[in-house]
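So you can see what is in the structure, the chains are spelled out below.
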Amino acid sequence: MIDGVNTLYDEDLALQKKLFEFPNIQSTHSLVAKYVTKEIWDKLAKHITPTAGFTLYKAIACAVEFDNQHCGIYAGDWDSYKDFAAVFDPLIQEYHGISADAKHTSDMDSTKITGNVNPDAPVHSTRIRVGRSIDGFGLSPGITREQRLGVEKLMKAAFAQFVDELSGKYYPLAGMDEAVRQQLVDDHFLFVSGDRNLQVAGMERDWPEGRGIFHNTEKTFLVWVNEEDQLRIISMEKGGDVLGVFKRLAKGIQTVGDSVKEESGKEFMLDEKYGYVHSCPTNLGTGMRASVHIDLPGWTANGVDTLKARCEELCLQPRGTRGESGGQTGHTYDISNKHRLGYSEVQLVQTMIDGVNKLYEEDLELQKKHGM
């Protein structure tokens, strides 16, 4: 007993040193390195949030572990944004370009959107996703096992409410049949473990329990349960009917929200200043990414850098169709809204529609210019 107590005491001192001494932030150019000062650390290091028992050390784990982070911070619950506001507030303001007294307005009313993507534009597919988090539960980096299972239980009840075009089936990751798993892989619906950022941030604890994927029969509406966010809600289809995709998304979100309210009395976390609450501060606000895959051969001939500059002017973001870090092949691009916070969902979808139509018009002129 004596030896055991002495060992525990030694280990406790080592843990205090690890958790409470000012850490070595390897991502020296990150926003964490800028805003987690020694003075702020000393004030906040020992604080534990009430909902998920989260700490500042856990929040900045990625910036401490890796040297390639831009933000380098995650929230473990809604409390994190409030209790560690001395770090989160200036970091969020710099990343999103908002003022200290900014307010966020959400608007999912599809009737306010004017027009749609030109039907002649060579759009392969449209996809709009948002994140949502249910109040009273931790966010993925801090959520407890019991809370994670609670979120899944509420979502199973919500999925049972889906009818007509939203009706489908929920597929839990735990105990998933191999044939089902392979089909979800083939459909590009499956999320998997192994992302080092998510692991270090604490998002893959108790994997795969409490996690799963819902999709409707037509495979145009998906919900990821307990991945990077409690909920990732996705509407998509072939072609360029952005308005139709947004309408389906709005209908699905409303159905989920109504079911959660009925089952538990809880609502989605909606902050007056930061909009819908997500684990990553870069997704605060709408948490929305509205994108199309479109062929732009004229812009390709003109130079990808000129396309990037034009997208910046139009408040859009171009990527290769392989995703954020997958690179570019051919002349097909993923074009999406650039902003998340400080603009409503309707504004962002309208910006994307108008911007894609403008890029298409200009692409036709560039094709003529380059003799295509």
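Located above this text is the structure these notes cover.
Residues numbered from 1 in each chain as written. Predicted model: local features only at pLDDT ≥ 70, side-chain atom pairs only at ≥ 80, totals over all residues. Heavy atoms only, no water.

Caption draft 1: Expanded view of helix H8 (residues 145-159). In this model, H8 (15 residues) spans 21 Å end to end at C-alpha, consistent with the 21 Å of a helix rising 1.5 Å per residue. Where H8 is concerned, the buried positions are Gln147, Arg148, Gly150, Val151, Glu152, Leu154, Met155, Ala157, Ala158 and Phe159. Where H8 is buried, its residues contact strand S2 (168-172), strand S3 (212-216), strand S4 (221-225), strand S5 (231-238) and helix H11 (242-264). (Helix = DSSP H or I, 4+ residues; strand = E, 2+ residues; numbered from the N terminus. Expected span 1.5 Å × (residues − 1). Buried < 20%, exposed > 50% of the residue type's maximum accessible area, 1.4 Å probe, protein only. Contact = heavy atoms within 4.5 Å.)

Caption draft 2: Representation of a nonpolar patch on the surface. A cluster of nonpolar side chains, namely Met1, Ile2 and Val5, defines an oily patch on the protein surface of about 370 Å² accessible area. Inspection of the secondary structure puts Ile2 in helix H1 (residues 2-20). Given a relative accessible area of 60%, Ile2 falls into the exposed group. (Patch = residues over 30% accessible without salt bridge, like charges linked within 9 Å, V, L, I, M, F, W, Y side chains within 5 Å. Areas by Shrake-Rupley, 256 points an atom, 1.4 Å probe, with all protein chains shown as cover. Salt bridge = Lys/Arg side-chain N within 4 Å of Asp/Glu carboxyl O.)

Caption draft 3: Representation of the pairing of S5 within the structure. Across the eight residues that make up S5, a large majority, six, are buried. With five bridges joining them, S4 and S5 adopt antiparallel strand pairing. Paired with Phe221 across the strands is Ser235, a residue of S5. (Pairing = 2+ DSSP bridges.)

Caption draft 4: View of the sheet that holds strand S9 (residues 316-320). Judged by pairing direction, the sheet is antiparallel, and its eight strands sit side by side in the order S2-S3-S4-S5-S1-S8-S10-S9 without closing on themselves. The two strands at the open ends of the sheet, each matched to only one other strand, are S2 and S9. Pairwise comparison of adjacent strand axes, ignoring direction, gives a mean angle of 20° for this sheet. Pairing analysis gives six bridges linking strand S1 (residues 123-132) to strand S8 (residues 289-295), with the strands arranged antiparallel. (Axes fitted to C-alpha atoms, helices over the stretch in contact; angles between N-to-C directions.)

Caption draft 5: Representation of the packing of aromatic side chains. Counted under the stated rule, the structure contains nine aromatic pairs. Aromatic side chains Tyr81 and Phe88 sit 4.7 Å apart centroid to centroid with 55° between the ring planes, which places their arrangement in the tilted category. In this structure, Tyr81 and Phe88 share a single accessibility class: buried. Centroid distance Phe162 to Phe214: 5.2 Å. Interplanar angle 65°. Geometry classified as edge-to-face. A residue pair is termed long-range when its members are at least 10 positions apart, and Phe162 in the loop between H8 and S2 and Phe214 in strand S3 qualify at 52 residues. Across this residue pair, the class does not change: Phe162 and Phe214 are buried. Three or more aromatic residues joined by ring pairs make a cluster, and in this case those are Phe159, Phe162, Tyr170, Phe214 and Phe221. Over the face of the ring belonging to Tyr276 we find Arg132, whose NZ or CZ atom lies 3.5 Å from the ring centre. Just above the ring of Phe137 sits the side chain of Lys266; from NZ or CZ to the centre is 5.7 Å. (Phe/Tyr/Trp six-rings, centres within 6.5 Å; stacked < 30°, edge-to-face > 60°. Lys NZ or Arg CZ within 6 Å of the ring centre and 35° of its normal.)

Caption draft 6: Representation of the packing of H8 against H11 in the model. Contact pair H8 / H11: the axes reach a minimum separation of 9 Å and the direction vectors enclose 120°. When the axis of H8 is compared with that of H11, the two are oblique. For H8 against H11, the interelement crossing comes out right-handed. Taking contact as the criterion, the partners of Leu154, Met155, Ala157 and Ala158 in H8 are, on H11, Val256, Ser259, Val260, Glu263 and Ser264. Considering only residue class, the contact of H8 with H11 consists of six nonpolar, two polar and one charged. (Parallel < 35°, antiparallel > 145°, perpendicular 65-115°, else oblique. Left-handed = near helix turned anticlockwise from the far one by under 90°. Nonpolar A, V, L, I, M, F, W, Y, C, P; charged D, E, K, R; others polar.)

Geometric descriptors of this kind do not, in isolation, establish any biological role.
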